[in-house]
Amino acid sequence: MGEEDAFNMLKFLMYDVGLRRQYRPDMIILQIQMYQLSRLLHDYHRDLYSHLEQQEIGPSLYATPWFLTAFASHFPLGFVARVFDMLFLQGAEVIFKVALSLLGSHKPLILQHDSLESIVDFIKTTLPNLGLVQMEKTIIQVCEMDVSKQLQAYEVEYHVLQDELLDTPPTLNQHQRAAQLERTNQSLRQQNLDLLEELQVSYARVCSLESRVAALVQSDAELREQVSALKQEKLQLVSTATRLQDLLTTLGIHSTPDGVEIQPPLTTAGDKVGAPAGQEDRTLEFLRRPVILVERKVNGQGGTLT
């Protein structure tokens, strides 16, 4: 792959898929993603979620590299390539589905560990060592899973919880209230920037699609003109062939559409008086050639006469 193609792929991942937001200094999007993964784990694997909560293990302790590197930091290259294929095809939610599938498939082994250190060590070192069967099973589960609506609901839920935490208690003084309002205002500004970025990406897509539509319309018009010109040319060729056929008929020569000549009746020696030997045959042959060529072109046969 060339440098330009690689850059375009990176640009697609950052802007179209939306991965760029999780690399910002505040990492608010990454915090939201950790909350969403925790809620998904609660919905799909309640016993595993409870076990991790008992050990005070949150997704940020083990899943942060998965989201920041799309599993490239710990997992085999073949598995990472499959993840990137699905990432280009389905979008950023693939990372959630892969993480959920991996945790669910290793749930019995994780439940056997009863300490924070052993659980985190297992998830970081043992879990990434996937065999081919486990890899294919994970890919199949990811393709069958749909969590888009849940991810949207959990993102809204996260913002609601944050707003509740930012509500000013009666005991806060003026300085603390001002600080909380400043944080709230900063969060809203960040959301506005995110929305503006999404709007710019969407506008760029619309412009690209409009230019493609205009090019297709122009190409269609050109093709229609070419078809019309070919029809006119065909009519002219048919007219020319008809005229030449009539001319040959008046000379007593008949030919079929495939160029086979039907000889006229034999003439007597007196009919050729005054004509040089062979001259009449050459003249008739000369007149028959354009007719045969035109008829072959009209019938799509092509070719030349010698």
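Our structure is the block above this text.
First, a word on scope: everything that follows refers to the structure included in this document. (Residues numbered from 1 in each chain as written. Predicted model: local features only at pLDDT ≥ 70, side-chain atom pairs only at ≥ 80, totals over all residues. Heavy atoms only, no water.)

**A few points about the overall build of the chain**
As a reminder, the rule being used: Working definition: helices are DSSP H or I runs of at least four residues, strands are E runs of at least two. Numbering for both runs from the N terminus. A 1.4 Å probe rolled over the protein chains alone gives each residue an accessible area, and that area as a share of the maximum for its type sets the label: buried under 20%, exposed over 50%, partly exposed in between. Residues are treated as being in contact if the distance between any of their heavy atoms lies within 4.5 Å.
Across its full length, the chain holds twelve helices and two strands. The linear arrangement of helices and strands in the chain, starting from the amino end, is α-α-α-α-α-α-α-α-α-α-α-β-β-α. A buried classification covers 29% of the 306 residues belonging to the chain. Pairs at least 24 residues apart make up 71% of the contacts formed inside the chain by residues separated by at least 6 positions.

**Comments concerning empty space enclosed by the protein**
Selection rule: Residues are said to line a cavity or pocket when one of their atoms sits within 4 Å of a point; the points come from a 1 Å grid over protein atoms alone, cavities being sets where a 1.4 Å probe fits but cannot get out and pockets being open sets with protein on both sides within 12 Å along at least five of seven lines. Grid points are joined across faces, edges and corners, and a volume is the space filled by probe spheres set on the points. As a working rule, the residues Ala, Val, Leu, Ile, Met, Phe, Trp, Tyr, Cys and Pro are called nonpolar, Asp, Glu, Lys and Arg charged, and the rest polar, with Gly in that last group.
Using the criterion set out here, one finds one cavity of 30 Å³ or more in the structure. Considering only enclosed or pocket space, the largest cavity measures out at about 40 Å³ in volume. If you trace the largest cavity, you find it lined by Ser38, Leu41, Tyr49, Leu52, Glu53, Ile57, Gly58, Pro59 and Tyr62. No other element matches helix 3 (residues 46-54), which puts three residues into the lining of the largest cavity. Residues belonging to the lining of the largest cavity are distributed by class as follows: six nonpolar, two polar and one charged.

**Overview of the packing of helix 5 (residues 77-90) against helix 9 (residues 132-144)**
Inclusion rule: Axes here mean lines fitted to C-alpha atoms, for a helix over just the part in contact, with angles spanning 0 to 180 degrees between N-to-C directions. When an angle is under 35 degrees it counts as roughly parallel; over 145 it counts as roughly antiparallel; between 65 and 115 it counts as roughly perpendicular; any other value is oblique.
Their axes nearest at 11 Å, the elements helix 5 and helix 9 cross at an angle of 10°. Between helix 5 and helix 9, the crossing angle belongs to the class labelled roughly parallel. When helix 5 is examined against helix 9, the residues Gly78, Phe79, Arg82, Met86 and Gln90 are found in contact with a partner set consisting of Met135, Glu136, Thr138, Ile139, Val142 and Cys143.

**Remarks on helix 9**
Rules: Between the first and last residue of a helix there are one fewer steps than residues, each counted as 1.5 Å, and that sum is the expected span. The directions from the helix axis to the C-beta atoms are what the arc is built from.
For helix 9, with 13 residues, the first-to-last C-alpha span of 19 Å sits near the 18 Å given by 1.5 Å per residue. Turning to helix 9, its buried residues number three or more, namely Met135, Thr138, Ile139 and Val142. Projected down its long axis, helix 9 shows its buried positions confined to an angular sector of 100°, all on one face. Exposed and oriented more than 90 degrees from the buried face of helix 9 are Val133 and Glu144. Packing partners of the buried residues in helix 9 comprise helix 5 and helix 6 (93-105).

**Thoughts on the packing of helix 2 (residues 28-44) against helix 3**
Interaxial distance between helix 2 and helix 3 falls to 5 Å at its minimum, and their mutual angle equals 130°. Classed by the angle they form, the pair helix 2 and helix 3 counts as oblique. Counting all contacts with helix 2, which are made through Ser38, Leu41, His42 and Tyr44, the residues of helix 3 involved are Arg46, Leu48, Tyr49 and Leu52. Taken together, the residues of the contact of helix 2 with helix 3 break down into five nonpolar, two polar and one charged.

**What to know about helix 5**
Relative to the 20 Å expected for 14 residues at 1.5 Å per residue, helix 5 spans 20 Å between its end C-alpha atoms, a close match to the ideal helical length. Structurally, helix 5 contributes buried residues whose contacts are with helix 1 (3-16), helix 6 and helix 9. Two residues or fewer past helix 5, Gly91 is found with a positive phi of approximately 105°.

**Some thoughts on the side chain of Thr138**
Rule in force here: Here a polar contact means two N or O atoms within 3.5 Å. Within protein one must be a hydrogen donor candidate and the other an acceptor candidate, and residues neighboring in sequence count only if both atoms are side-chain atoms.
Relative to the elements of secondary structure, Thr138 occurs in helix 9. Judged by relative accessible area, which is 1%, Thr138 ranks as buried. Separated by 2.9 Å, the side chain of Thr138 and the backbone oxygen of Gln134 make a polar contact. Filtering out sequence-adjacent residues up to four positions away, Thr138 remains in contact with Phe79, Ser101 and Leu102.

**Side note on the pattern of salt bridges**
Formally: Any carboxyl oxygen of Asp or Glu within 4 Å of a side-chain nitrogen of Lys or Arg constitutes a salt bridge here.
In this structure the tally under the stated criterion is nine salt bridges. Note that Asp16 and Arg205 form a salt bridge whose closest N and O atoms lie 3.5 Å from each other. Here Arg205 lies in helix 11 (residues 174-250) and Asp16 lies in helix 1, a separation of 189 residues in the sequence. Residue class for Asp16 comes out partly exposed when judged on its relative accessible area of 30%. For the salt bridge of Glu136 with Arg82, the shortest nitrogen-to-oxygen distance reads 2.9 Å. Of the two residues, Glu136 sits in helix 9 while Arg82 sits in helix 5, which places them 54 residues apart along the sequence. Of the residues examined, Arg82 reaches a relative accessible area of 28% and is grouped as partly exposed.

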